[in-house]
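Okay, here's what each chain looks like letter by letter:
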Amino acid sequence: MSRRSLLAAGGAGVTAIGLSGVHLATAGSEAAATVTSSGSPSAPDLLPLVKETTEGPYYLDYDKHRVDITEGRPGTPLELRIQVLNAKNGKPVPEAAVDIWQCDALGIYSGYEETSEAMNEGELVFDGPIPKLPPDSKTTYLRGFQMTGRDGWVRFRTVFPGWYTGRTVHIHAKVHTRGVLLDRAYAQGVTVHTGQVFFPEDLTAAVSRVRPYTRNDLPRTTNATDPFYSGDTAADGLLTVEWDRTDATRPIRASIRTAVDLDAINPGRRGNPPPGPVRPGP
């Protein structure tokens, strides 16, 4: 059983507030070519609740405690920063485990290479609720967790995600609390938030035109047509990003601040897919 299998069978949904991402300054000659995109207001108390999303069929409780999750996967470098705040008082939440996972540039998830390819090629179709799928390999790239510091922040080194059939570009995230870090694994915690973070469409379009993303010949779903994307604000999971408009191969910085109800339990039940046959999992 996984270390987080102690989760209660039920539980209230999480209350989460999305806050605007911090401005990550760049220095020197990069500044003129770097732009910041953010769709959220700056006043935290005016923001609506962040919408929870399902964990999808590709989550694996691997307890990979690390900053760099790339394992050599190619792609535009991405620094992702997430701050966890207490929804009741707005204060940073220290010692929370922030767990992320994503596909690679070609739309493949580690642990699910064969399954990912089958879904993307339309060989595996679900007309009802998407089941939890067993892994078909022991790979672990583009998965990992970090513990928040006293300021509530975590930082990951990864690559910009690719896309797969039916979904816009995104990264999955969970926040676990009430546990302890033992032997580089997070034990006995509960999941208080399950969600996804998204990128501005102009950034995704630019990255899609550089290698290795040009090798991804799957139809690309935009934010506007994605069944799980709900709006262009940080409250909807939209990241604040800094990137070089003249060169989409250069490192990207992205950040978001999110507040969670520390009394909630939300493991991200898969629920029902969007109407009609669903080829990829959410």
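It should be emphasised that the depicted structure is a prediction, and the values quoted were computed from it without experimental measurement.

## So, the overall build of the protein
Assigned secondary structure in the protein consists of two helices and twelve strands. Each helix (α) and strand (β) of the protein, taken in turn from the N terminus, gives the series β-β-β-β-α-β-β-β-β-β-β-α-β-β. Counting all 282 residues of the protein, 55% fall into the buried class. Of the contacts formed within the protein by residues at least 6 apart in sequence, a portion of 83% connects residues at least 24 apart. In the structure as shown, the protein presents an accessible area of about 12200 Å², 52% of it carried by carbon and sulfur atoms.

## Brief notes about the nonpolar core
If you look at the biggest cluster of nonpolar residues, it comprises 53 residues, and the most contacted ones within it are I100 and F199. Those elements that provide at least two residues to this core are β3 (77-86), β4 (97-101), β6 (153-159), β7 (170-177), β10 (190-198), α2 (201-207), β11 (240-244) and β12 (252-260). Those residues in contact with F199 that sit more than four places away from it in its chain are L78, F160, P161, V169, I171, T204, N223, L238, L239, V241 and A254.

## Comments concerning helix α1 (residues 113-120)
Burial analysis of α1 places six of its eight residues in the buried class, the great majority of the element. Listed as buried for α1 are E113, T115, S116, A118, M119 and N120. One or two positions beyond α1, positive phi appears at G122, with a value near 75 degrees.

## Describing unusual backbone geometry
P212 follows R211 through a cis peptide bond whose omega is 0 degrees. Turning to its location among the elements, P212 is positioned in the loop between α2 and β11. Phi angles above zero are rare outside glycine, and E95 is one such case at about 60 degrees. Within the fold, E95 resides in the loop between β3 and β4.

## Things to note about empty space enclosed by the protein
The full count for this structure, using the stated rule, is two cavities of 30 Å³ or more. By volume, the largest cavity is sized at about 50 Å³. In terms of lining, the largest cavity is formed by ten residues, of which the most central are L60, Y62, D63, K64 and D99. The element contributing the most residues to the lining of the largest cavity is strand β5 (residues 143-147), with three residues. In terms of residue class, the lining of the largest cavity is built from three nonpolar, one polar and six charged.

## Regarding the packing of aromatic side chains
Inspection of every chain in the model, using the stated rule, returns eight aromatic pairs. Taking the centre distance of 5.5 Å and the plane angle of 70 degrees together, the rings of Y109 and Y164 count as edge-to-face. Of this pair, Y109 sits in the loop between β4 and α1 while Y164 sits in the loop between β6 and β7; the two residues are 55 residues apart in sequence, bridging distant segments of the chain. The pair Y109 / Y164 is uniform in exposure class, with both members buried. In textbook terms, an aromatic cluster arises when at least three aromatic residues are bridged by ring pairs, as seen for Y58, Y109, Y112 and Y164. Sitting over the face of the ring of W153, R81 holds its NZ or CZ atom 4.3 Å from the ring centroid. Residue placement shows K174 over the ring face of Y59; its charged tip is 4.9 Å from the ring centre.

## Topic: the pattern of salt bridges
Inspection of the entire model under this criterion finds ten salt bridges. The salt bridge involving K174 is made with E55; its shortest N-O contact spans 2.9 Å. Of this pair, K174 sits in strand β7 while E55 sits in the loop between β2 (34-37) and β3; the two residues are 119 residues apart in sequence, bridging distant segments of the chain. Note that R220 and E201 form a salt bridge whose closest N and O atoms lie 2.6 Å from each other. Highlighted residues: R220 in the loop between α2 and β11 and E201 in helix α2, separated in sequence by 19 residues. What makes R220 partly exposed here is its relative accessible area of 27%.

## Quick word on the sheet that holds β5
Strands sit in the order β5-β4-β7-β10 across an open sheet of four strands; the sheet is antiparallel. Bordering the open sheet on either side are β5 and β10, each of which pairs with just one other strand. Within this sheet the neighbouring strands show an average axis-to-axis angle of 20 degrees, counted without direction.

## So, the side chain of N216
Here N216 is to be found in the loop between α2 and β11. A polar contact is formed between the side chain of N216 and the backbone oxygen of W163, at a distance of 3.0 Å. Beyond its immediate chain neighbours, meaning those up to four positions away, N216 contacts A105, L106, G107 and W163.

Rules used in this analysis
Residues numbered from 1 in each chain as written. Predicted model: local features only at pLDDT ≥ 70, side-chain atom pairs only at ≥ 80, totals over all residues. Heavy atoms only, no water. Helix = DSSP H or I, 4+ residues; strand = E, 2+ residues; numbered from the N terminus. Buried < 20%, exposed > 50% of the residue type's maximum accessible area, 1.4 Å probe, protein only. Contact = heavy atoms within 4.5 Å. Areas by Shrake-Rupley, 256 points an atom, 1.4 Å probe, with all protein chains shown as cover. Core = buried A, V, L, I, M, F, W, Y, C linked by side-chain atoms within 4.5 Å. 1 Å grid on protein atoms, 1.4 Å probe; cavity = no way out; pocket = protein on both sides within 12 Å on 5 of 7 lines; lining within 4 Å. Points joined across faces, edges and corners; volume = space filled by probe spheres on them. Nonpolar A, V, L, I, M, F, W, Y, C, P; charged D, E, K, R; others polar. Phe/Tyr/Trp six-rings, centres within 6.5 Å; stacked < 30°, edge-to-face > 60°. Lys NZ or Arg CZ within 6 Å of the ring centre and 35° of its normal. Salt bridge = Lys/Arg side-chain N within 4 Å of Asp/Glu carboxyl O. Pairing = 2+ DSSP bridges. Axes fitted to C-alpha atoms, helices over the stretch in contact; angles between N-to-C directions. Polar contact = N/O pair within 3.5 Å; in protein donor to acceptor, adjacent residues only side chain to side chain.

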